[in-house]
Amino acid sequence: MNKLKLSIALDGAFIFGISFFIYYAVVKQNLYSILSATICSVVLSSLTAFLFILIFSYKNRKRVDEIAENESVIAFSNYLYLLKDSEIISLISSYLDKIEKPYEVKKSAFHFKEERIVLYFDFTPDKTTLSTTLRFYKQTPKGYKTTIISCEYNAGVKEFFSEINGVSFYTVFDLYTALKSEKLLPNYPVKEKKNFSVNKLIGRFLRRENVKKFFLWGAVLTLFSTVTYYKVFYAVLGTVFMLIAVYLKFFKPKT
């Protein structure tokens, strides 16, 4: 079961509170009973907060999954840096064997006779240079296409070969996806994400770039105090938001 993120839960509670007073101000005009208006407002506010939490939890879950996937790919790249050529050949071969694709290894390159393709790899912390790419291209037998897989390419490499047919480029993400699809990913260390502390959560909101947001919320809430039933509540809450905006603008240390 996925855990509800604290920041989303707090935002949901805030949406519930704001929605309640808005709904109450509208519903009370048509319902004379305070109890009926309160119950109706609570139900509507709960539905609003629930939909908010549901939508933002889904978006947050997708974002967290994407971040985790990117971190796993980066860790996989770091793992490849430490492998010998023979170990990389063994890793790629395990995938080719699994999908039953015929190949032959010659001088640390994969030759596919049926497709007339030669696959080279270059897994280093440095970006694959144009010189390295040209070396692979020149090593390719006549009548064969050149395919290269690398962690990252230097600027200008793909542009140089854009007018040359028979040269394809792949990244470590393609290898990662292929191995993952066949459940062949090796065990490698992935840096664990540190727990999100309450101080970091507070710091996330109390940032200088949020000045306009706090000021806008403060202004809106203050305006609500002039037309809604709970005038003092809106006035106090709006004042608090505007004071926070002033603090962030003039007193918050720059980081």
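Scroll up to find the structure this text is about.
Analysis parameters
Residues numbered from 1 in each chain as written. Predicted model: local features only at pLDDT ≥ 70, side-chain atom pairs only at ≥ 80, totals over all residues. Heavy atoms only, no water. Helix = DSSP H or I, 4+ residues; strand = E, 2+ residues; numbered from the N terminus. Buried < 20%, exposed > 50% of the residue type's maximum accessible area, 1.4 Å probe, protein only. Contact = heavy atoms within 4.5 Å. Areas by Shrake-Rupley, 256 points an atom, 1.4 Å probe, with all protein chains shown as cover. Arc of directions from axis to C-beta. Pairing = 2+ DSSP bridges. Axes fitted to C-alpha atoms, helices over the stretch in contact; angles between N-to-C directions. Parallel < 35°, antiparallel > 145°, perpendicular 65-115°, else oblique. Left-handed = near helix turned anticlockwise from the far one by under 90°. Nonpolar A, V, L, I, M, F, W, Y, C, P; charged D, E, K, R; others polar. Expected span 1.5 Å × (residues − 1).

A. The arrangement of the overall build of the protein chain in detail. What the protein chain contains, in helices and strands, is 9 helices and 5 strands. The order of helices and strands in the protein chain, counted from the N terminus, is α-α-α-β-β-β-α-β-α-β-α-α-α-α. Buried positions account for 30% of the 255 residues belonging to the protein chain. Long-range pairs, those at least 24 residues apart, make up 60% of the contacts in the protein chain between residues at least 6 apart in sequence. Of the roughly 17,300 Å² of accessible surface on the protein chain, a fraction of 61% belongs to carbon and sulfur atoms.

B. Just the side chain of Ser77, in detail. Inspection of the secondary structure assignment puts Ser77 in helix 2 (residues 34-81). What Ser77 contacts, discounting residues up to four positions off in sequence, is Cys151 and Val172.

C. Structural detail: helix 6 (residues 172-181). Within helix 6, the full set of buried residues consists of Val172, Leu175, Tyr176, Ala178 and Leu179. Projected onto a plane normal to the axis of helix 6, the buried residues spread over an arc of 165° and lie on a single side. Elements in contact with the buried residues of helix 6: helix 2, helix 3 (85-98), strand 4 (145-150) and strand 5 (167-171).

D. Broad picture of the pairing of strand 4. Counting buried residues in strand 4 gives 5 out of 6 residues, a clear majority hidden from the surface. Bridging between strand 3 (residues 117-122) and strand 4 involves 6 bridges; their strand directions are parallel. By the bridge assignment for strand 4, Val118 is matched with Thr146.

E. Highlighting the packing of helix 3 against helix 6. With their axes 10 Å apart at the nearest point, helix 3 and helix 6 run at an angle of 50° to one another. As far as their axial angle goes, helix 6 and helix 3 are oblique. Note on packing geometry: the crossing formed by helix 3 with helix 6 is left-handed. Between helix 3 and helix 6, the contacting residues are Leu91, Ile92, Ser94 and Tyr95 on the first element and Leu175, Ala178, Leu179 and Ser181 on the second. For the contact of helix 3 with helix 6, the per-class residue count stands at 6 nonpolar, 2 polar and no charged.

F. Quick look at the packing of helix 2 against helix 6. One can describe the packing of helix 2 onto helix 6 by two numbers: an axis separation of 10 Å at closest approach and a directional angle of 105°. Taken together, the axes of helix 2 and helix 6 are roughly perpendicular relative to one another. Along the contact surface, helix 2 presents Glu69, Ser72, Val73, Phe76, Ser77 and Leu80, while helix 6 presents Val172, Phe173, Leu175, Tyr176, Leu179 and Lys180. Along the lines of polarity and charge, the residues of the contact of helix 2 with helix 6 split into 8 nonpolar, 2 polar and 2 charged.

G. Representation of helix 3. Taking 1.5 Å as the rise per residue, helix 3 with 14 residues should run 20 Å; its terminal C-alpha atoms sit 20 Å apart, in good agreement. Those residues of helix 3 that sit buried are Ile88, Ile89, Leu91, Ile92, Ser93 and Leu96.

H. Highlighting the sheet that holds strand 1 (residues 104-105). Within the open sheet, the 5 strands sit side by side as 1-2-3-4-5. Their pairing is mixed. In this open sheet, the two strands that pair with only one neighbour each are strand 1 and strand 5. Pairing between strand 1 and strand 2 (residues 110-112): 2 bridges, direction antiparallel. Pairing of Val105 across the sheet is with Phe110, part of strand 2. Running at roughly 30° to strand 2, helix 3 makes contact with strand 1, strand 2 and strand 3 of the sheet. Its contacts with the sheet place helix 4 (residues 130-139) against strand 3, strand 4 and strand 5, and it is angled at close to 150° to strand 3.

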